[in-house]
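Now for the letters of each chain:
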Amino acid sequence: MPPKVQQKSKEQKMAAAMAGGKGKKKKWSKGKSRDKVDNKVLFSKEQYDRFQSEVPKMKLITVSAVVEKLKVSGGLARRALNEMAEEGKIRPVLVSRAQRIYTRNIGDDDEEE
């Protein structure tokens, strides 16, 4: 059996309890904040040329993919994709209220149908 350790007196215990009560208060976190993206609302000449060359070669074309790739706003990407679909450079797969999915035009499928 280990030797007995001298216990503290009541006054010492009370003093230790009173001293330990004032710890640092926990701060609330500000939450996760995303950095603000600064997307362009108009095409520059270089961006438009890049849009015309790169987008028809993409396999899956969505508004968000164009926004990420070219750093343009969603509204601009949506209108540019509509224009490109009307020209026949890309083909719509699904056009709903929430999501628009296009694909590249492989060959001239419009003439065969």
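Look a little higher up for the structure.
Note that the structure is a prediction, hence the values are computed from the model and not measured.

**So, the sheet that holds strand β3 (residues 100-104)**
At step 1: Sheet architecture is open: 3 strands sit in the order β1-β3-β2, paired in antiparallel fashion. Since the sheet does not close on itself, it has two edges, and those belong to β1 (60-62) and β2 (90-95), each with one partner. Pairwise comparison of adjacent strand axes, ignoring direction, gives a mean angle of 35° for this sheet.
At step 2: With 3 bridges connecting them, β1 and β3 associate as antiparallel partners. Paired with Leu-60 across the two strands is Thr-103, which belongs to β3.

**Considerations on the packing of aromatic side chains**
Two aromatic rings, taken as a pair, are described by how far apart their centres are and by the angle between their planes.
At step 1: Enumeration according to the criterion identifies 3 aromatic pairs in this entry.
At step 2: Taken together, a centroid distance of 5.5 Å and an interplanar angle of 65° make the contact between Phe-43 and Tyr-48 edge-to-face.
At step 3: The exposure class assigned to Tyr-48 is partly exposed, which follows from its relative accessible area of 30%.
At step 4: For the ring pair Tyr-48 and Phe-51, a centre distance of 6.4 Å and an interplane angle of 25° mean the geometry is stacked. Here Phe-51 and Tyr-48 lie together in helix α2 (residues 45-54), a separation of 3 residues that amounts to about one turn.
At step 5: Grouping aromatic residues by their ring pairs yields a cluster made of Phe-43, Tyr-48 and Phe-51.

Rules of the game
- Residues numbered from 1 in each chain as written.
- Predicted model: local features only at pLDDT ≥ 70, side-chain atom pairs only at ≥ 80, totals over all residues.
- Heavy atoms only, no water.
- Pairing = 2+ DSSP bridges.
- Helix = DSSP H or I, 4+ residues; strand = E, 2+ residues; numbered from the N terminus.
- Axes fitted to C-alpha atoms, helices over the stretch in contact; angles between N-to-C directions.
- Phe/Tyr/Trp six-rings, centres within 6.5 Å; stacked < 30°, edge-to-face > 60°.
- Buried < 20%, exposed > 50% of the residue type's maximum accessible area, 1.4 Å probe, protein only.

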